[in-house]
Amino acid sequence: MNVVYSEDCLLHNPPFEATRGEIKSYLECPARLKSIKNFIDSQPNQFTVVGPNDYSLTPILNVHEDDYIEFLHSIYNTWVAEGMPPEVAIGEAFAHANIISKIKRDRVKKTSKLSATAQIGLHSFDMSIAYTKETWRSTYISAQIALTSAHKLLKQVAENKSESIYALCRPPGHHATCNVSGAGYCFINNAAVATRFLQDYTLEEMDAMSKPLTTFDAAASKKIMIVDIDHHHGNGTQDIFYDDPSVLYVSLHGYPDYPFFTGSIEETGEGEGEGYNINIPLNPQTTTDDIYLDNLKNVLEGPVAEKFGADIVVCSMGLDTWHEDPVAGMKGLKNVATYFEMGRLLKTSKSCTGRPVLFVQEGGYTIEKLGLLAGRVLQGYLA
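Anyway, here's the lowdown on the structure attached to this text.

So, how was this worked out
Residues numbered from 1 in each chain as written. Predicted model: local features only at pLDDT ≥ 70, side-chain atom pairs only at ≥ 80, totals over all residues. Heavy atoms only, no water. Axes fitted to C-alpha atoms, helices over the stretch in contact; angles between N-to-C directions. Helix = DSSP H or I, 4+ residues; strand = E, 2+ residues; numbered from the N terminus. Left-handed = near helix turned anticlockwise from the far one by under 90°. Contact = heavy atoms within 4.5 Å. Nonpolar A, V, L, I, M, F, W, Y, C, P; charged D, E, K, R; others polar. Pairing = 2+ DSSP bridges. Expected span 1.5 Å × (residues − 1). Buried < 20%, exposed > 50% of the residue type's maximum accessible area, 1.4 Å probe, protein only. Phe/Tyr/Trp six-rings, centres within 6.5 Å; stacked < 30°, edge-to-face > 60°. Core = buried A, V, L, I, M, F, W, Y, C linked by side-chain atoms within 4.5 Å. Salt bridge = Lys/Arg side-chain N within 4 Å of Asp/Glu carboxyl O. Patch = residues over 30% accessible without salt bridge, like charges linked within 9 Å, V, L, I, M, F, W, Y side chains within 5 Å. Areas by Shrake-Rupley, 256 points an atom, 1.4 Å probe, with all protein chains shown as cover. Lys, Arg positive; Asp, Glu negative; His and termini not counted. Charge placed at Lys NZ, Arg CZ, Asp CG, Glu CD.

**Description of the packing of helix H7 (residues 135-158) against helix H8 (residues 190-200)**
Logical step 1: Where H7 meets H8, the axes come as close as 9 Å, and the angle between the chain directions of the two elements is 35 degrees. In terms of crossing hand, the pair formed by H7 and H8 is right-handed. When H7 is examined against H8, the residues Ser-142, Ala-143, Ala-146, Leu-147, Ala-150, His-151 and Leu-154 are found in contact with a partner set consisting of Asn-190, Val-193, Ala-194, Phe-197 and Leu-198.
Logical step 2: Grouping the amino acids of the contact of H7 with H8 by side-chain chemistry returns 9 nonpolar, 3 polar and no charged.

**A word on the sheet that holds strand E7 (residues 164-167)**
Logical step 1: The 8 strands are arranged E4-E1-E7-E12-E11-E8-E9-E10 in an open sheet whose pairing can be described as parallel. Two strands lie at the open edges of the sheet, namely strand E4 (48-50) and strand E10 (277-282), each paired on one side alone. Averaged over all pairs of adjacent strands, the angle between their axes in this sheet comes to 20 degrees, without regard to strand direction.
Logical step 2: In this structure, strand E11 (residues 312-317) lies alongside strand E12 (residues 357-361), joined through 5 bridges in parallel fashion. Looking at the pairing, Met-317 lines up with Gln-361 of E12.
Logical step 3: Each of strand E1 (2-4), E4, E7 and E12 touches helix H1 (residues 30-41); the most contacted strand, E4, lies at about 130 degrees to it.

**Looking at H1**
Logical step 1: For H1, spanning 12 residues, the distance from its first C-alpha to its last is 16 Å, which sits close to the expected 16 Å at 1.5 Å a residue.
Logical step 2: Within the sequence span of H1, burial applies to Pro-30, Arg-32, Leu-33, Ser-35, Ile-36, Lys-37, Phe-39 and Ile-40.
Logical step 3: Packed against the buried residues of H1 are E1, E4, E7, E12 and helix H14 (367-382).

**With respect to the packing of aromatic side chains**
Logical step 1: Under the definition given, this model contains 13 aromatic pairs.
Logical step 2: Between Tyr-185 and Tyr-365, the ring centres sit 5.6 Å apart and the planes meet at 55 degrees, which makes this aromatic pair tilted. Here the residue Tyr-185 occupies a position in the loop between E7 and H8, and Tyr-365 occupies one in the loop between E12 and H14, the gap between them amounting to 180 residues.
Logical step 3: Centroid distance Phe-359 to Tyr-381: 5.6 Å. Interplanar angle 80 degrees. Geometry classified as edge-to-face. With Phe-359 in strand E12 and Tyr-381 in helix H14, the pair connects residues that are 22 residues apart, well separated along the chain. A single burial state applies to Phe-359 and to Tyr-381, both of which are buried.
Logical step 4: An aromatic cluster is built from Tyr-68, Phe-71, Tyr-131 and Phe-187, whose rings are joined through pairwise contacts.

**Describing the nonpolar core**
Logical step 1: Counting residues in each nonpolar core, the largest one holds 99 residues, and the members touching the most others are Tyr-166, Met-225, Met-317 and Phe-359.
Logical step 2: The element contributing the most residues to this core is H7, with 10 residues.

**Things to note about the pairing of E10**
Logical step 1: Among the 6 residues of E10, 5 are classified as buried, and the element is accordingly described as predominantly covered.
Logical step 2: Here 6 bridges tie strand E9 (residues 247-254) to E10, and the two strands are oriented parallel to one another. Residue pairing for E10: Val-250 is matched across the bridge by Ile-278.

**Examining the pattern of salt bridges**
Logical step 1: For the coordinates displayed, the defined rule picks out 11 salt bridges.
Logical step 2: One salt bridge connects Glu-28 with Arg-32, and the closest N-O pair in it is separated by 2.6 Å.
Logical step 3: According to the relative accessible area criterion, Arg-32 is buried, its value standing at 1%.
Logical step 4: A salt bridge links Lys-109 to Glu-65, with the nearest nitrogen and oxygen atoms 3.8 Å apart. With a gap of 44 residues between them, Lys-109 in helix H5 (residues 105-112) and Glu-65 in the loop between helix H2 (58-61) and helix H3 (66-81) connect regions that are remote in the sequence.
Logical step 5: Of the residues examined, Glu-65 reaches a relative accessible area of 28% and is grouped as partly exposed.
Logical step 6: When salt bridges with common partners are traced through the structure, they connect Glu-28, Arg-32 and Arg-170 into a single cluster.

**Quick look at the side chain of Ser-124**
Logical step 1: Here Ser-124 is to be found in the loop between helix H6 (116-123) and strand E6 (130-131).
Logical step 2: The contacts of Ser-124, once residues within four sequence positions are left out, are Phe-71, Phe-94, Ile-129, Tyr-131, Val-180 and Ser-181.

**Side note on a negative patch on the surface**
Logical step 1: On the surface, a cluster of negative charge is contributed by Asp-239, Asp-243, Glu-270, Glu-272 and Glu-274.
Logical step 2: Relative to the assigned elements, Asp-243 resides in the loop between helix H10 (235-241) and E9.

**Focus on unusual backbone geometry**
Logical step 1: Arg-170 connects to Pro-171 through a cis peptide bond whose omega is 0 degrees.
Logical step 2: The backbone phi angle of Ser-56 is positive, close to 70 degrees, even though this residue is not glycine.
Logical step 3: In this fold, Ser-56 is placed in the loop between E4 and H2.
Logical step 4: A relative accessible area of 29% means that Ser-56 is categorised as partly exposed.

**What about the environment of Met-342?**
Logical step 1: If you trace the backbone, Met-342 turns up in helix H13 (residues 337-348).
Logical step 2: In the structure, Met-342 is positioned 250 residues away from Glu-92 in sequence and 39 Å away in space, judged by C-alpha atoms.
Logical step 3: With residues up to four places along the chain from it excluded, the contact list for Met-342 reads Ile-229, Tyr-292, Leu-293, Leu-296, Thr-321 and Leu-333.

**Some details on a nonpolar patch on the surface**
Logical step 1: On the surface, a nonpolar cluster with roughly 390 Å² of combined accessible area is contributed by Phe-125, Phe-260 and Phe-261.
Logical step 2: As for its position among the elements, Phe-261 is in the loop between E9 and E10.

**What about the environment of Leu-61?**
Logical step 1: Assignment of secondary structure puts Leu-61 in helix H2.
Logical step 2: Along the primary structure Leu-61 and Val-193 are separated by 132 residues, whereas in three dimensions their C-alpha atoms are 8.5 Å apart.
Logical step 3: Every residue in contact with Leu-61, bar those within four places of it in the chain, is listed here: Asp-66 and Ile-69.

Now the structure itself:
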């Protein structure tokens, strides 16, 4: 299996976060990726590490709003220019809907540009989000890794080669919406960007990286199933595709848990996207290995996923379900073999069989175990 990776993803390294009533070391740290990369490097017969290509901002802007991407690019410099501490830019006041609900969005945007603190408050969700001098670089490269992986996946399919690939990237992305750094350490929604890229471009267009199609037949767009196995609900991914019938979003997650306001079973999509959003909330205190795998198997073997008939599967591969995870964790997920079975189900289930699979790294904070957990998911798929 090819693994797309860049050392630039290690550059984003905020000194602290403010969560759960404490100021603590930043848990979404470079050591997470190093742990996984060490495992990948220890299995050269199974994994080949390659670097990313650069596809520009165009595919990213097919998911995220222009002014939000400009914010990500410039906020650290704006913060420092205002005389704020250069160590890290972090929010303190956030644009709660009840405060700005009667003010036009354009007016709120204009006012927020008067200070870096306001810009962070408009485009961030909580105080786990921190911006450093290197955040944009790592965030941009993380998205390019996802795009490169999507491109290579299509090439492999066209050449009848292995139909899976792993985007080993950070920062993660599934909490980020089109215009908000979705907390949970997320800036650009890598899985969503890769999904749109797979839908909007042909292999030839990816090769040439020409301008995006201005018109295309939506019916001919690739149908993509996103299977989110991160412990936390992927509110950002859900939001981006909530009214889109060409994307089936499936999330198994701890509930109730972060991000607290989304992830219920009643959230099924809206408009044309009604029925294309499946949330499977699981009690973190009582969910065991068997319960988790039964739920994953049932949805992947179920009538909705099978009838959807995905052309490609994207797995938002969070590893924070492990029972020892310091941020999250399903207390009954104690068997590493469970992660092997997760990968196997993504290959053998009715809704996945014969489909190319793109694995996109999301959360997971048990650093000493991350390489093993990631490896077991990928090995389960390769088995």
